[in-house]
Structure formats: structure tokens, C-alpha cells
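Here is what each chain is made of, one letter per residue.
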Amino acid sequence: MKGLKIVFWVLWRIWFYILMAIPILIMLPFLLISIISESGYPYFFKMARIWAKFILFGMGFYYKVEREQKLIRKKSYMIVANHTSMTDIMLMLALVKNPFVFVGKKELSKIPLFGFFYKRTCILVDRNSSRSKNEVFKRAQSRLNQGLSICIFPEGGVPDDESILLDEFKDGAFRLAIDHQIPIVPIVFADNKKRFSYTFLSGSPGIMRAKVLPFVETEGLTSDHRKELRDQVRQLIYKALLEFKKKE
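In this text the structure is predicted, and so the values were computed from the model without any measurement.

Caption draft 1: Main features of the UniProt feature "transmembrane region" (unreviewed entry) in the protein. In the numbering used here, UniProt assigns the feature "transmembrane region" (unreviewed entry) to residues 12-36 and 48-65. Here residues 12-36 is 88% helix and 0% strand, with 34 Å between the C-alpha atoms at its ends. Along residues 48-65 one finds 61% helix and 28% strand; the C-alpha atoms at either end are 19 Å apart.

This is the structure in C-alpha cells:
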């Protein structure tokens, strides 16, 4: 039985990367046109959402989302969530209709085909370089000025220890939100780690529950409130994760 599980996991993981490639290849001409200039990003974003849903359903994942507050069209937000899986990217795209730009680690740009578009549409950060982090703020500010939203996983990466429910948050997302006086949208992913963690021989098809928490306003806040805001948002997500665990 264990041998069958291992075979399933190996084939299933390979299937994930095949699913990542199929819609990209089908939409390739349109994707290439949409990244010629930054003005084409909203069209790229629509295709990215199709790509994300194709992967989720192809992997046997179905998502259920509870929304305590809804985003307003053509308004900028700072979107944050807990980070436990590569499928966080797909689920975020599936849930949020407002065009947003990911701030993500540069290592993902090495994935064939996906990486080509990832590095041309997302804001990449080298977490070992202070210069890179400063450049991230400039690019994020530029995107916010264009009326887009920004999505950051404030844990700064997926913890190596999968027993950690929620790692400590970095300041970047909250600094940007205060600088631009935009609301923070906390989102909780309850099942992504269980469904498709970074441990290769693990996971299974099934439900992915998510919850959009009430937005946290930043109007009137200054940089002096950054850490307080960071801790407030982390606590909201942490409490929601605990509530999900109680229902299991």
C-alpha cells in the first residue's frame, strides 16, 4: 500500500508541473503580447486567473471561500496571507478578481516556462540582498501608483519546519500599506499545506478552505505604527488558522 502511495505522489507531482505548462502553451501568443508593456498587465492577470483555476481543478482541488468583506473594483489593496505551499499562488489568483502583482522570491523564476513570465510580471526579491529589498519598494510603489494591488506573503517564505502554524511576519507589506494609505486584506489558507506542501511525497486532492478577513485600514497611520500593524494582522490570521484547526 505504501508503495502505491509513493507511485501516486510521484506521478501526481509530475502532473502538477505538466498542468502548469499546458495553459501557458495554449495562451502563449496572448501572454507574450500582454507583457510587452506594463499597460497590458490587466489582460495578463485575467489569463493568469484562468491558468490558476486550470491547475487547481486539474489537481483535484476544489476551493471554498468565506468572505467577511469584499474588495471594491479599481481600488488598490495590500493583500497578505499565510504561506505554506506553491498552490498559494494559484489559490490567491482564483480568489481575488482585482488585478494585483505578487512580490515573491526570485528562486521561482528558475522554473521552466512559468519562470519566464514570473520574472517579467512579478516583483522579485533576493532576501539576502538589502539592495534588492530597496528595489522591491520602488517597483511596488510604481505598481500601486498605476492603480494595481500588491500581494505579499509576509512570512518571507515557507518555514522549513512544517509544524509551525504561522511564522513571524516581515515589515515590508505593512510599510508599503502605510506609505500608500491603502487597506490591508488578510486572507487565510487553511488546507494548502495538507493538500500540497513542499514535502515531495505528501498531499492529496480535496478541499481548500480560505477566508477573507475584515480589512485593516491604514488611513492616518505613520511608519511609527508599522510594527503594531504587522503584529495586529498576524494575530488576526493566526486566530483564524486556530479556528480552522478546531473544525478539523
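Continuing now.
Caption draft 2: The arrangement of the sheet that holds strand β5 (residues 149-152) in detail. Strand order across the open sheet formed by 7 strands is β1-β7-β6-β2-β5-β3-β4, with mixed pairing between neighbours. Pairing within the sheet leaves two strands with one partner each, and these edge strands are β1 (61-67) and β4 (123-125). Within the sheet, the average angular offset between the axes of one strand and its neighbour, ignoring direction, is 20°.

Caption draft 3: Region of interest: the pattern of salt bridges. The tally for this structure, following the rule as stated, stands at 9 salt bridges. One salt bridge in this structure joins R234 and E168, with 3.8 Å as the shortest N-O distance. Residue R234 is found in helix α9 (residues 226-246), and its partner E168 is found in the loop between β5 and α7 (172-180); the two are separated by 66 residues along the sequence. In this structure, R230 engages D171 in a salt bridge whose closest nitrogen and oxygen atoms are separated by 2.7 Å. Of this pair, R230 sits in helix α9 while D171 sits in the loop between β5 and α7, and the two are 59 residues apart along the sequence. Overall, R230 belongs to the buried group, its relative accessible area being 17%. Each of D171, R226, K227, R230 and D231 takes part in salt bridges that share partners, so that together they form one network.

Calculation criteria
Residues numbered from 1 in each chain as written. Predicted model: local features only at pLDDT ≥ 70, side-chain atom pairs only at ≥ 80, totals over all residues. Heavy atoms only, no water. UniProt positions renumbered as here; feature names shortened; annotations may be inferred. Helix = DSSP H or I, 4+ residues; strand = E, 2+ residues; numbered from the N terminus. Pairing = 2+ DSSP bridges. Axes fitted to C-alpha atoms, helices over the stretch in contact; angles between N-to-C directions. Salt bridge = Lys/Arg side-chain N within 4 Å of Asp/Glu carboxyl O. Buried < 20%, exposed > 50% of the residue type's maximum accessible area, 1.4 Å probe, protein only.

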